[in-house]
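# Structural characterization, general
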Amino acid sequence: MHDHASHDQHSAHDHGSGHDHAPEVTDKNARAVAWAGLLIASFMFAELIGGWLAGSLALMADAVHMVTDAASLGLAWWAFQQSRKPADARLTYGRDRLPVLIAFANAIFLLVVTAWICVEAVGRFVEPQEVLAGPMLIIAILGLLVNIGAFLILQRGGDGSLNIRSAILHVIGDLLGSIGAIAAAIVIYLTSWYPIDPILSVFVALLIVRSAITVLRQSAHILLEGAPADIDREAMKADLLEEVPGLSDVYHIHLWSLAEGKVNATMHAVVAQDTHPNTVLETMRRRLKEQHGIAHATIEIIAPH
């Protein structure tokens, strides 16, 4: 039985960055998102109108992707700006979780758009509509160039974070949509087989569903304060017991991510007889930072009888 009286307990909070795995928010990745969003927004209305005039679902689907992309990139830029603000009395952890929330919303938007494309495609396949292949091909090629430009901007200026990956996923969806529209335009021009337009629209939509679900699951896991996948709780416990002199037991271990790469932990630690609690605390803090990448740890020391 462990003594839980107040005079036998010590708690420590570690706020240092240590071996922090969190992607850094910089002016470079914020600018990348802003420029990519402006590039896509500059073309999306032209593609939407052109797709409607040409009668192409593939073009209109790609344009709708662009509308959601421009909005998503704008939200991603806003999230980057907000996450750089310091913590305050109302948001004591700061705004680091906001980019994860935006990535979660972006993934949902993308799934909604792909569902709409599939529903529209079924109707178009049952009742094929005439498509103007010439205008469709020109607009699709221009859309492809715009999407390639946005993709390169995000790749070079991004930081590999969940928010950036979510934005890149949207742009890849657009890029594939443009390729599908080009292929459909060529087939229609050569064969006048109009069902190819909705067929390729569905194919492109299904290609990006899997990646959207991956981003959705990863961001939801963080929002639900799930344990980080790259940290084995039992292995961490064994490591602490082996490497921290005077530590007899560790239990009630809770791990969660405040944001991507920013791991928090709470735990109870039992110290051996004739061991100074502060020495154990300091060694545990250092080990958690350097070996396990835990930047914020709350440790309650419990002295044995």
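Above: the structure in question.
Residues numbered from 1 in each chain as written. Predicted model: local features only at pLDDT ≥ 70, side-chain atom pairs only at ≥ 80, totals over all residues. Heavy atoms only, no water.

### Structural notes on the nonpolar core
The biggest cluster of nonpolar side chains holds 35 residues, and the ones touching the most others in it are Val33, Ile40, Leu73, Met136 and Leu154. Of all the secondary-structure elements, those providing two or more residues to this core are helix H1 (27-54), helix H2 (57-83), helix H4 (133-157), helix H5 (162-191) and helix H6 (196-223). Top element by residues in this core is H5. It accounts for ten residues. Setting aside chain neighbours within four positions, we find valine 33 in contact with Leu73, Ala76, Trp77, Phe80, Leu154 and Ile164. (Core = buried A, V, L, I, M, F, W, Y, C linked by side-chain atoms within 4.5 Å. Buried < 20%, exposed > 50% of the residue type's maximum accessible area, 1.4 Å probe, protein only. Helix = DSSP H or I, 4+ residues; strand = E, 2+ residues; numbered from the N terminus. Contact = heavy atoms within 4.5 Å.)

### Some words on the pattern of salt bridges
If you walk through the whole model with that rule in mind, you get five salt bridges. As a salt-bridge pair, lysine 237 and aspartate 249 come within 3.8 Å of each other at their nearest N and O atoms. Taken together, the residues span a long stretch of sequence, with lysine 237 in helix H7 (residues 233-243) and aspartate 249 in strand S2 (residues 247-259) at a distance of twelve residues. The residue arginine 287 makes a salt bridge to aspartate 239 at a minimum N-O spacing of 2.8 Å. Residue arginine 287 is located in helix H8 (residues 277-292), and its partner aspartate 239 is located in helix H7; the two are separated by 48 residues in the primary sequence. The class for arginine 287 is partly exposed, based on a relative accessible area of 23%. (Salt bridge = Lys/Arg side-chain N within 4 Å of Asp/Glu carboxyl O.)

### Here we look at the side chain of histidine 292
Topologically, histidine 292 is positioned in helix H8. Residues contacting histidine 292, with those up to four places away along its chain left out, are Ile231, Met236, Asp239 and Arg287.

### Notes on H7
For H7, the full list of buried residues reads Met236, Asp239 and Leu240. Angular distribution of buried residues about the axis of H7 spans 100 degrees; they occupy a single face of the element. Of the exposed residues in H7, the ones pointing more than 90 degrees away from its buried face are Glu234 and Glu242. (Arc of directions from axis to C-beta.)

### Some remarks on the environment of lysine 237
By relative accessible area, lysine 237 is classed as partly exposed at 23%. Separated by 14 residues in sequence, lysine 237 and tyrosine 251 have C-alpha atoms that sit 8.2 Å apart. For lysine 237, the contacting residues outside a window of four places in its chain are Asp249, Val250 and Ile253.

### Describing the pairing of strand S3 (residues 262-271)
Within S3, eight of the ten residues are buried, which leaves the element mostly enclosed by the surrounding structure. Bridging between S2 and S3 involves nine bridges; their strand directions are antiparallel. Of the residues in S3, the one forming a bridge with tyrosine 251 is histidine 268. Adjacent in sequence and paired antiparallel, S2 and S3 are bridged by two residues, among which glycine 261 carries a positive phi angle near 85 degrees. As judged from the eight bridges shared by S3 and strand S4 (residues 294-302), these two strands associate in the parallel manner. (Pairing = 2+ DSSP bridges.)

### Quick notes on unusual backbone geometry
A negative phi holds for most residues other than glycine; trans holds for most peptide bonds. Unusually for a residue other than glycine, serine 192 sits at a positive phi of about 60 degrees. Its location among the elements puts serine 192 in the loop between H5 and H6. Phi at glutamate 225 takes a positive value of approximately 60 degrees, unusual for a residue other than glycine.

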